[in-house]
Amino acid sequence: MIFHEIYGCYYLCMEKIINHALNHTLTQDKILEIINQYAFEDSHIEIMSHLKNQDWPLITQDYHTPLHHPSTRPLTLLEKRWLKSLSLDPRIQLFSISFDNLDDIEPLFTNDDYLIYDQYLDGDCFDDELYIKNFQTILYALENQFILKVTYQNKQLICHPTKLEYSLKDNKFRLKTSHDHFHKTLNLSKITNCELTQQTAFQDNKLYQNKQSVILELYDERSALERAMMQFADLQKKAEQINDKTYRIELFYQKEDETELLIRILSFGPLLKVIEPQRFVQLIQERLKLQLSCGLR
Amino acid sequence: MGYSELIKHFDRIRNYMHEFYIYGFKDRNQITHKSKRSYDNEKRRLESYLKDFMSFQYTTSKTVFLSIDSRQMTYNPLYKAFEAKSFTHKDITLHFYILDILYDDSQSLTFQEILNKVDEYLALFPQTMHFDESTLRKKLKEYVNLGILTTTHLGKQVYYQRTKPTDLSSYQYALSYYSEIFPLGVIGHYMLNQLQSPQYFSFKHHYISRAIDSEIMAKIFDAMKQKKSIYLIHHHNQSYHIVPLRLYISSQNGRCHLLAYSYRYKQIKTFRIDHIKDIKLSEDCDCFDDYRTRLKQIEKHIWSVQCHEKQPLEHVSMTIQILPHEQYVLQRLQREKRHGTITQINDTSYEFSIDIYDTYEILPWIRTFIGRILKLNFSNRTIENQFKEDIKKMYELYQIKGSDES
């Protein structure tokens, strides 16, 4: 059963609260801090009330507990079976982890049970030794804040790794890097060497901040509205109904993804029209002029 | 009954999450699943669960939407709603008491021993909660079924122990990756909650809304594992008796479909997961492997998810212009062709062709080559003509000069 209270944030909060009570570090402020960190916006009302009224006889009025041991929960069978499914996925080799403890566990599902039917065919080679080594070096650098020396398409780069970005559609990892305030994206499969250099504190809050927007008008025919809202659900967006069949949609995207977005918009044909900015309108017009010159009849 | 943040059944918020996340422009009057009061309560719940992501805007009326740039997310915020299952005072009390009494896997106690210890814990509190034997027995049985506890039998006596602990620390990177990209990732999210997990991954083309249908997907996987047929209740309340064969997940629009053998139609049919209201497991299906083999045999003719086994295949071919210096376009064609074939016609043109069940499904992809399409040849002429009409409409929409003569 996926939706079960033992996975819930109220149980998680109580686990943390009990552990503080065992360490004699529990106060009302600490309880509120835990609730704010792990539960929902209104949870403090319910949890505080139940603790105060001792509906849950787990914490006494003076912030002690009758329990004797730090609270931990063993994994459920559902969790173990999901982990077992992971062990069957080809990408798991990247993480070099052992699943020996799950020998007697049945997977929750196998690769025969599902298909990513529209994934691109030139995904990364996840069993390539160099690829795995580079992947793990990058993860280590991210965790321990190392600067990397990377050989990429025969060029040497020195960079801060900021994120390992994965696309299910491309089935590829890309390394997002930062150097001298410039962001660069490197395809992991094209990195031929990757080494740790010096360790340095680093934080990049500007990744993905440089957003552009495009305004579209959608004519809802052939379920275009639903298709568009699903298709663009990965992007931040605003939508508004103009009249019975017409909608205005604003999409926010990264500049580097502009060509891809252009193609996605084209896939809707005449049911989706770019309104603004004019520069984007011109990009569509150029494609249409080229199409006209193809003489398709 | 007053408002409560927690809910007994996830179904209660499932439709609202789809509405707020996918659409985002409907106001209180346009969302008509249930009463306006129900709308207010579910909106309030979702605002509480997803506090940082809910937004609203005013145009003619107030609309609520979930505003999420999935590329900036290192985890799927929709998983948080799965942490809202309601429980009783006795549930939460017994949970912590039992796990404290059986604090490691060397502790092996009988039912009576556990009951006595529960009473010892309760004695510290003036307003004593009382547990009758059946409540404790039910909870122990539930935890054995969940896999948290195990039992051993010595003579007539049953002993309870907690199951062996699993050290998750070596799994933390894998969990933070797979919880986002793997089916039923919410289960990985539950495990991540037990770790201090730094987030080093980000995700592009990330469709997080699949999470909303996790319960349905889990039931389908369960049926497949057991090779059972199911009764699928559609959101319009029709019921279908089917054998679930494979989930078809899109990485390009976030949709998920079930391909299943239908007893009524005696062929493989397609069902959208977000349109499934409920699933009930039925009897064992002896032909499960045969049906699955049948699906594998026709898979190369399914462009996306539609298969009409009893209808003839439709031929689709497209010739596009690729100049010698535009090898990246050829690479694009090769990686996106699925089961299609590519033939070089001359130095500057290539033909893509495929035989599929439903030409409609491939149209959006063909449109992405607008600017290069030299020739189309669809056996379904109606769709070919419609495609060409659509291109003419686009010329008009964008005021392309010279299109009148085309």
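In this text the structure is predicted, and so the values were computed from the model without any measurement. (Residues numbered from 1 in each chain as written. Chains lettered and ligands numbered in written order. Predicted model: local features only at pLDDT ≥ 70, side-chain atom pairs only at ≥ 80, totals over all residues.)

### A few points about the sheet that holds strand S4 (residues 149–154) of chain B
Residues and elements named next belong to chain B. Spatial ordering of the open sheet is given by S3-S5-S4, a layout of 3 strands whose pairing is antiparallel. Only two strands of the sheet have a single partner each, and these edge strands are strand S3 (109–110) and S4. Pairing geometry for S4 and strand S5 (residues 157–162), over 6 bridges, is antiparallel. Bridge pairing in S5 places Leu154 opposite Gln157. (Pairing = 2+ DSSP bridges. Helix = DSSP H or I, 4+ residues; strand = E, 2+ residues; numbered from the N terminus.)

### Some thoughts on the confidence of the model for chain B
Averaged over all residues, the pLDDT of chain B is 91; the fraction at 70 or higher stands at 92%. Two numbers describe this predicted complex: its pTM, 0.94, and its ipTM, 0.95. (pLDDT = per-residue confidence, 0-100.)

### Considerations on the pairing of strand S5 (residues 182–187) of chain A
All names here are of chain A. Inspection of the sheet shows strand S4 (residues 172–179) paired to S5 by 6 bridges, in the antiparallel sense. Each residue of the ladder has a partner; that of Ser178, found in S5, is His183. Between S4 and the antiparallel strand that follows it, S5, lie 2 residues; Asp180 among them carries a positive phi value of about 50°.

### Here's the deal with the UniProt feature "domain: WYL" (unreviewed entry) in chain B
As recorded in UniProt, the feature "domain: WYL" (unreviewed entry) lies at residues 216–280 of chain B. Helix makes up 17% of residues 216–280 of chain B and strand 55%, and the two end C-alpha atoms of the span are 10 Å apart. (UniProt positions renumbered as here; feature names shortened; annotations may be inferred.)

### Here we look at the packing of helix H4 (residues 77–87) of chain A against helix H7 (residues 185–192) of chain B
Helix-helix packing is characterised by the crossing angle of the two axes and by the distance between the axes. Here H4(A) crosses H7(B) at 115°, and the two axes come no closer than 10 Å. The orientation of H4(A) with respect to H7(B), classified from their angle, is roughly perpendicular. Our pair here, H4(A) against H7(B), has a crossing hand that is left-handed. In this structure, H4(A) contributes A:Leu78, A:Glu79 and A:Trp82 to the contact, and H7(B) contributes B:Ile187, B:Gly188, B:Tyr190 and B:Met191. Looking at the contact of H4(A) with H7(B) residue by residue, the classes come out as 5 nonpolar, 1 polar and 1 charged. (Axes fitted to C-alpha atoms, helices over the stretch in contact; angles between N-to-C directions. Parallel < 35°, antiparallel > 145°, perpendicular 65-115°, else oblique. Left-handed = near helix turned anticlockwise from the far one by under 90°. Contact = placed C-beta atoms within 7 Å. Nonpolar A, V, L, I, M, F, W, Y, C, P; charged D, E, K, R; others polar.)

### Re the sheet that holds strand S14 (residues 349–356) of chain B
Residues and elements named next belong to chain B. Spatially, 4 strands are ordered S13-S14-S12-S15 in an open sheet, and the strand pairing comes out antiparallel. What marks the edges here is a single partner per strand, and that holds for strand S13 (341–346) and strand S15 (373–378). When the angles between neighbouring strand axes are averaged without regard to direction, this sheet yields 20°. Both S13 and S14 contribute to a ladder of 5 bridges, which runs antiparallel. Across the sheet, Thr341 pairs through a bridge with Ser353, a residue of S14.

### Concerning the domain arrangement of chain B
One can read the domain layout of chain B as domain 1 (11–71), domain 2 (89–162), domain 3 (169–206), domain 4 (210–301) and domain 5 (314–405). Here the C-alpha centroids of domain 3 of chain B and domain 5 of chain B sit 39 Å apart. (Domains from an automatic or database assignment.)

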